[in-house]
Amino acid sequence: MQSCNIDSFNCEECLPYNEMKILYDISRIVGSSLKIKQAIEESLGLLQKFLQLEKCTVFELNEDGSELRIFASIGLTKNQELKATYKIGEGATGLSAKSREPIIVENIHQNIIFLNKSGARAREDISYVAVPIISRDVLLGVLGANLTRDSKLSFDETIKILTIVSSIFAQAKYVHKTLDDEKKRLDDENRYYRDELLHSRSFEKIIGKSPKMNRVFEIISKVAGSKATVLIRGETGTGKELIASAIHKSSPRRDKSYIKLNCAAIPETLLESELFGHEKGAFTDAKGMRKGRFELADGGTLFLDEIGDITPTLQVKLLRVLQEQEFERVGGSQSIKVDVRIIAATNRNLEKMVEDGDFREDLFYRLNVIPIMLPPLRERADDISLLAIYFLEKFQKSHNKELSITPAAMNLLCSYEWPGNIRELENTIERIVLFANSEHIDIDEIELTLPYMFKVTESKETSGRNNKRDILTKKDLDEIEKEAIEKALKECGGIRIKAAKKLGITNRQIGYKIKKYCIE
């Protein structure tokens, strides 16, 4: 057994071109892969194929630092991998870990220090070399390989090659551990925000903590227990149906029927029948009696979406039901009594419609007993990140992916005005998840899937809008990102990997951005 200390050497002078090419390929494979085990196994395959180093194995230190176990190997079965565990100081592999220096067993058939726990020794195997894998003065594991008569290198050359390869592996393991730790931190943070949202109130499907949404939750809590008619108003995609459902589920009627009807989705000729039902023979296709939505909702709640789209004739009939809680089926003469709570919703300006004569004033007042105005997403900026995280987790599960959003990307999402509100944000996050090429969603990922966010857009005046925020241009975002990177590098003493961790991006990504922005 020999112990070799090779603190420094010039690899370009010592190694022929073939070995340099192998080292280059290994560095490229490990540096470009997100699957560290697969990359290391592929690299070990190169050592075996071109240098005839057999049974190439990477051992990793267990959590308490007392034992070495196989992380990746070439030429060993799963059963052999399980058998090959070494305590620190045990055998040539354990001695390399303990001494933190390369260990050579010149003749494995005669030296008892070679324990061969895997049982994979072949007659043609002659020698064994073990090299420690160390990163930032921390032992991570050991790289071992068998030499045969066909091996291309001497002991010294083998140690030099394996030492360089172990350094590449050590750096890769360190970077991947850093990324895994950061991913775990982001996952824990996401779970915290989600749990905080889910347990802070009973409206578990409604996400929001902005002052305007808290006011909405307060109104729901106060009116849910009553029979009062509710009119929910807001732009398209603000979540009016969710609010209606929350009111029903928080009311004494929660165990009764909750019936929904979109008044704009049904032709005018069929809407009356949908609402009030019809008798057999009432019209050509009426082959039997059919109950309408009011009867189906008896004792419960009826949600009428897009109430501003109903015709004047139906407005009269609806007003009667609200006043007297009774109606007749189409083609019938018998009055039917019902106990139904009405929740209506619209994105239209009903006051203007009343003024123009398109909506009955008395019906408007009957519906507008409890008004709830839902704010557009641009007026609840504090909720955008919470909603983005919620939708990210939702679509990760449905599309079987594991992703996280970097702070820079989240800032971009929060700066956009979202004219389509929550529905647009939901669709956007699903599109980002589908097109994501890496585990970390950065500004570059959003730019590829959502280029319109980066276009200079003229601000549009909106009636009644306060606190209007302009859309940031790509130039603005580049400046923000450059300043954030410069600040992180300064705070981390110029150490790239620490700055990358602070920013929530990879070492490769920060390297690309430093070059892109010409940062010194």
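Residues numbered from 1 in each chain as written. Predicted model: local features only at pLDDT ≥ 70, side-chain atom pairs only at ≥ 80, totals over all residues. Heavy atoms only, no water.

Thoughts on the overall build of the chain
Then comes step 1: Helix and strand counts for the chain come out as 20 helices and 18 strands.
Then comes step 2: Relative to its full complement of 520 residues, the chain shows a buried share of 49%.
Then comes step 3: Taking the intrachain contacts of the chain between residues at least 6 apart in sequence as the baseline, contacts between residues at least 24 apart amount to 66%.
Then comes step 4: Counting only carbon and sulfur atoms, one obtains 49% of the accessible surface of the chain, whose full area is about 26,800 Å². (Helix = DSSP H or I, 4+ residues; strand = E, 2+ residues; numbered from the N terminus. Buried < 20%, exposed > 50% of the residue type's maximum accessible area, 1.4 Å probe, protein only. Contact = heavy atoms within 4.5 Å. Areas by Shrake-Rupley, 256 points an atom, 1.4 Å probe, with all protein chains shown as cover.)

Some words on the sheet that holds strand S9 (residues 258-262)
Then comes step 1: Taking strand neighbours across the sheet as the criterion, the 5 strands line up as S9-S12-S15-S8-S16 in an open arrangement whose pairing is parallel. In the strand order of this sheet, the two ends are held by S9 and strand S16 (370-373), each with one partner. Strand-to-strand twist in this sheet, taken as the mean axis angle between neighbours without regard to direction, amounts to 15°.
Then comes step 2: The pairing of strand S8 (residues 230-233) with S16 spans 4 bridges and is parallel. Each bridged residue has a counterpart across the sheet, and for Val-230 the counterpart in S16 is Ile-370.
Then comes step 3: Packed onto the sheet, helix H8 (residues 240-249) meets S8, S9, strand S12 (301-305), strand S15 (341-346) and S16 and runs at close to 155° relative to S8. (Pairing = 2+ DSSP bridges. Axes fitted to C-alpha atoms, helices over the stretch in contact; angles between N-to-C directions.)

Topic: the pairing of S15
The side chains of a regular strand alternate, residue by residue, between the two faces of the sheet.
Then comes step 1: The element S15 is extensively covered by neighbouring structure, given that 6 of its 6 residues are classed as buried.
Then comes step 2: Alternating positions in S15 separate into two faces, Arg-341, Ile-343 and Ala-345 on one and Ile-342, Ala-344 and Thr-346 on the other, with burial throughout.
Then comes step 3: Alignment of S8 against S15, held across 4 bridges, turns out to be parallel. Among the inter-strand pairings, Val-230 is bridged to a residue of S15, identified as Ile-343.
Then comes step 4: By the bridge criterion, 4 bridges tie S12 to S15 in an arrangement that is parallel. Bridging from a neighbouring strand, Leu-302 pairs with Ile-342 of S15.

Topic: the nonpolar core
Then comes step 1: Ranked by size, the top nonpolar core spans 35 residues in total, and within it Ile-26, Leu-44, Leu-47 and Phe-169 carry the most contacts.
Then comes step 2: Of all elements in the fold, only helix H2 (17-31), helix H3 (36-51), strand S2 (53-61), strand S3 (67-73), strand S6 (125-135), strand S7 (138-148) and helix H6 (155-199) reach the threshold of two or more residues within this core.
Then comes step 3: In terms of residue count, H6 provides more of this core than any other element does, 9 residues in total.
Then comes step 4: If sequence neighbours within four positions are ignored, Phe-169 has contacts with Ile-26, Val-30, Ile-40, Ser-43, Leu-44, Val-58 and Leu-143. (Core = buried A, V, L, I, M, F, W, Y, C linked by side-chain atoms within 4.5 Å.)

Some thoughts on the side chain of Glu-295
Then comes step 1: Looking at the element boundaries, Glu-295 is found in helix H10 (residues 293-296).
Then comes step 2: You can call Glu-295 buried: its relative accessible area is 15%.
Then comes step 3: Setting aside residues no more than four positions away along its own chain, Glu-295 makes contact with Phe-276, Phe-327, Arg-329, Ile-336 and Val-338.

Topic: the packing of aromatic side chains
Then comes step 1: For the structure shown, the criterion picks out 7 aromatic pairs.
Then comes step 2: Feature note: the residues Phe-276, Phe-294 and Phe-327 constitute an aromatic cluster, connected by ring pairs.
Then comes step 3: Sitting above the plane of the Tyr-174 ring, Arg-136 keeps its charged end 3.9 Å from the centroid.
Then comes step 4: One Lys or Arg, Lys-173, reaches over the ring of Phe-71 and ends 3.8 Å from the middle of that ring. (Phe/Tyr/Trp six-rings, centres within 6.5 Å; stacked < 30°, edge-to-face > 60°. Lys NZ or Arg CZ within 6 Å of the ring centre and 35° of its normal.)

Focus on the packing of helix H14 (residues 384-398) against helix H16 (residues 421-435)
Then comes step 1: At a minimum axis separation of 9 Å, H14 and H16 run at an interaxial angle of 45°. With respect to each other, H14 and H16 are oriented oblique. As H14 packs across H16, the resulting crossing turns out to be right-handed. Across the interface between the two elements, Ile-384, Leu-387, Ala-388, Phe-391, Leu-392, Lys-394 and Phe-395 from H14 touch Ile-422, Leu-425, Glu-426, Ile-429, Glu-430 and Val-433 from H16.
Then comes step 2: The class makeup of the residues in the contact of H14 with H16 is 10 nonpolar, no polar and 3 charged. (Parallel < 35°, antiparallel > 145°, perpendicular 65-115°, else oblique. Left-handed = near helix turned anticlockwise from the far one by under 90°. Nonpolar A, V, L, I, M, F, W, Y, C, P; charged D, E, K, R; others polar.)

Here we look at the pattern of salt bridges
Then comes step 1: Following the criterion strictly, the structure yields 28 salt bridges and no others.
Then comes step 2: Here Glu-67 and Arg-69 are joined by a salt bridge, their closest N and O atoms 2.9 Å apart.
Then comes step 3: Residue Arg-69 is classed as partly exposed on the basis of its relative accessible area, which comes to 43%.
Then comes step 4: Two residues, Lys-394 and Glu-426, come together in a salt bridge whose shortest N-O distance is 2.7 Å. Linking Lys-394 in helix H14 with Glu-426 in helix H16, this pair joins segments that are 32 residues apart in sequence.
Then comes step 5: Salt bridges here are not isolated pairs; linked through shared partners, they connect Arg-320, Glu-324, Glu-326, Glu-328 and Lys-337. (Salt bridge = Lys/Arg side-chain N within 4 Å of Asp/Glu carboxyl O.)

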